[in-house]
Structure formats: C-alpha cells, structure tokens
Amino acid sequence: AGSAEKAYKSIIEYTNHAELKSQNEEEITKHEARLYAPLNRENADNPRNAIWDLRCALQRFDYAIAKTDASIREAMGKVKDIIKRADEHVGANGDYHMLGLCLDLKNMATCALLYYQAALARTESRGFHIRVEYPVRNDHDFVAWSVQKRDEKGNNKLWFEQVPLDYGGSFI
C-alpha cells in the first residue's frame, strides 16, 4: 500500500506540471485503422496458428541455444514472414478477444526479431547465448547492453552501450 500511495502522488505531481501536446488527428486515425485492421479481415488466418509458428521459430536448439550466423538469419527470416502474416493475413473475424491475440502476435514477433538482431550482432558466447563461430566470451567488447531504436525513416538501429560498472577486467 505504501508504494501505491507514493506512485499516485508521483503521478499527480507529474500531471500537474506536464505540458499537454497537441494531438494529430490524422496520425490517430492512421494508428486506429492499423490496430483494428485484423477485425475486418475475412477468411483470415487464426492468430493462434501464427503464434505456434512463432514459438517454433524461437525454440529450435540451433535458433535458441547453439546459434550460428546461418541459423540466426534463418530464424530472422521466419520471424519476418510471421510479422508479414500478422500485418496482412491474420485476423480476428470481428472478435475483440481475437483482436487482442492478433496484437499480441505482432508484439511478440517484433520482440523476437529484436532478439535475433541483437544475437547476430553479439559475436561472442555468454551464458545461454552461444555462438558456435564465437565460442569465447568477450568481456572487453560485450559487457554491454544491446540497444535498438527506430530512426525517423522506420529503420532499426542497433548499438551497444557499456554497462557502467567497474568489474576489474573479468567476470570469472
């Protein structure tokens, strides 16, 4: 109860001083249409089928544990296909509960793609992230967070930020 009290006080303080930004009605309409599009797709694929396919693209041993450059790229291709399916072929057939699954699918597939992009860029093995071509942990370059962000054109950018800690040069 104490943390809830602190939270609501913090929210009230924030809203009392937050600058209200003008709303772009055209952008709102565009996002609304994108979010509700699966409701109106006729003869659409059930999102549960695509969620199953996404699960398969995440749990294969050579995709999830002992990764190679080729297996990561193959898994990324499958995830990209699932994202395309989610955007074009998966539908809710008018059911708002199924719409939630459609949106969940798109979010889960996007997270999977981010995961594989980071795994491809991290050329080392660490914990359960095993790169067959890079069997050695590389503390010098990869005691770092993988950071991803979309640029103005919608392209994904990935970089690493060093973890801000003094670890004495080794994590053995």
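Just so it is clear, the model here is predicted, and its values are computed rather than measured.

### Observations concerning the environment of Ile 83
Reasoning step 1: Checked against the element boundaries, Ile 83 lands in helix α5 (residues 69-88).
Reasoning step 2: Judged by its relative accessible area of 13%, Ile 83 falls in the buried class.
Reasoning step 3: When the C-alpha atoms of Ile 83 and Ala 121 are compared, they prove to be 21 Å apart, with 38 residues separating the residues in sequence.

### Describing the layout of surface pockets
Reasoning step 1: In this structure, the largest pocket spans a volume of roughly 600 Å³.
Reasoning step 2: Every residue lining the largest pocket is counted, 21 residues in all, and those nearest its centre are Ile 83, Asp 87, Lys 106, Thr 110 and Arg 150.
Reasoning step 3: In terms of residue count, the dominant contributor to the lining of the largest pocket is helix α6 (residues 96-121) (eight residues).
Reasoning step 4: Of the residues assigned to the lining of the largest pocket, the class counts are nine nonpolar, six polar and six charged.

### Comments concerning the pairing of strand β3 (residues 144-150)
Reasoning step 1: Both β3 and strand β4 (residues 156-162) contribute to a ladder of seven bridges, which runs antiparallel. Bridging from a neighbouring strand, Arg 150 pairs with Asn 156 of β4.
Reasoning step 2: From the end of β3 to the start of β4, which pair antiparallel, there are five residues, and Gly 154 there has a positive phi angle of about 90 degrees.

### Things to note about the packing of aromatic side chains
Reasoning step 1: Counting across every chain of the model gives two aromatic pairs.
Reasoning step 2: Geometrically, the ring pair formed by Phe 142 and Phe 160 is edge-to-face, given 5.1 Å between the ring centres and 80 degrees between the ring planes. Residue Phe 142 is found in helix α7 (residues 139-142), and its partner Phe 160 is found in strand β4; the two are separated by 18 residues along the sequence.
Reasoning step 3: The residue whose ring lies beneath Arg 60 is Tyr 63, and the NZ or CZ to ring-centre distance is 4.1 Å.

### Quick notes on unusual backbone geometry
Reasoning step 1: Positive phi outside glycine occurs at Asn 43, with the angle close to 50 degrees.
Reasoning step 2: Within the element layout of this structure, Asn 43 appears in the loop between α2 (25-36) and α3 (47-59).
Reasoning step 3: Phi at Asn 93 takes a positive value of approximately 50 degrees, unusual for a residue other than glycine.
Reasoning step 4: The residue Asn 93 is located in the loop between α5 and α6 in this model.

### Focus: the nonpolar core
Reasoning step 1: One finds Leu 54, Val 79, Leu 105 and Tyr 116 to be the most contacted residues of the largest nonpolar core, which totals 24 residues.
Reasoning step 2: Elements supplying a minimum of two residues to this core: α3, α5 and α6.
Reasoning step 3: The biggest single contributor to this core is α6, with ten residues.
Reasoning step 4: The contact partners of Leu 54, leaving out residues within four places of it in the chain, are Val 79, Ile 82, Leu 105, Met 108, Ala 109 and Ala 112.

### Describing the pattern of salt bridges
Reasoning step 1: Enumeration according to the criterion identifies 14 salt bridges in this entry.
Reasoning step 2: Among the salt bridges present, the one from Arg 85 reaches Asp 53, with a minimum N-O distance of 2.6 Å. On the criterion of sequence distance, the pair formed by Arg 85 in helix α5 and Asp 53 in helix α3 is long-range, its members being 32 residues apart.
Reasoning step 3: Residue Asp 53 is classed as partly exposed on the basis of its relative accessible area of 32%.
Reasoning step 4: With its nearest N and O atoms 3.4 Å apart, the salt bridge here joins Lys 84 to Glu 88. A residue pair is termed a helical-turn pair when its members lie 3 or 4 positions apart in one helix, as Lys 84 and Glu 88 do in helix α5 at four residues.

### A short note on α2
Reasoning step 1: Over its twelve residues, α2 runs 16 Å from end to end, which matches the ideal 16 Å to within 8%, given 1.5 Å per residue.
Reasoning step 2: N-cap assignment for α2: the residue whose side-chain oxygen lies 3.0 Å from the backbone N of Glu 26 is Asn 24.

### A word on the environment of Met 108
Reasoning step 1: By secondary structure assignment, the location of Met 108 is in helix α6.
Reasoning step 2: Judged by its relative accessible area of 37%, Met 108 falls in the partly exposed class.
Reasoning step 3: Residues Met 108 and Leu 54, spaced 54 residues apart in sequence, show a C-alpha to C-alpha distance of 8.3 Å.
Reasoning step 4: Not counting the four nearest positions on each side in its chain, Met 108 is found in contact with Ile 51 and Leu 54.

Rules used in this analysis
- Residues numbered from 1 in each chain as written.
- Predicted model: local features only at pLDDT ≥ 70, side-chain atom pairs only at ≥ 80, totals over all residues.
- Heavy atoms only, no water.
- Helix = DSSP H or I, 4+ residues; strand = E, 2+ residues; numbered from the N terminus.
- Buried < 20%, exposed > 50% of the residue type's maximum accessible area, 1.4 Å probe, protein only.
- 1 Å grid on protein atoms, 1.4 Å probe; cavity = no way out; pocket = protein on both sides within 12 Å on 5 of 7 lines; lining within 4 Å.
- Points joined across faces, edges and corners; volume = space filled by probe spheres on them.
- Nonpolar A, V, L, I, M, F, W, Y, C, P; charged D, E, K, R; others polar.
- Pairing = 2+ DSSP bridges.
- Phe/Tyr/Trp six-rings, centres within 6.5 Å; stacked < 30°, edge-to-face > 60°.
- Lys NZ or Arg CZ within 6 Å of the ring centre and 35° of its normal.
- Core = buried A, V, L, I, M, F, W, Y, C linked by side-chain atoms within 4.5 Å.
- Contact = heavy atoms within 4.5 Å.
- Salt bridge = Lys/Arg side-chain N within 4 Å of Asp/Glu carboxyl O.
- Expected span 1.5 Å × (residues − 1).
- Polar contact = N/O pair within 3.5 Å; in protein donor to acceptor, adjacent residues only side chain to side chain.

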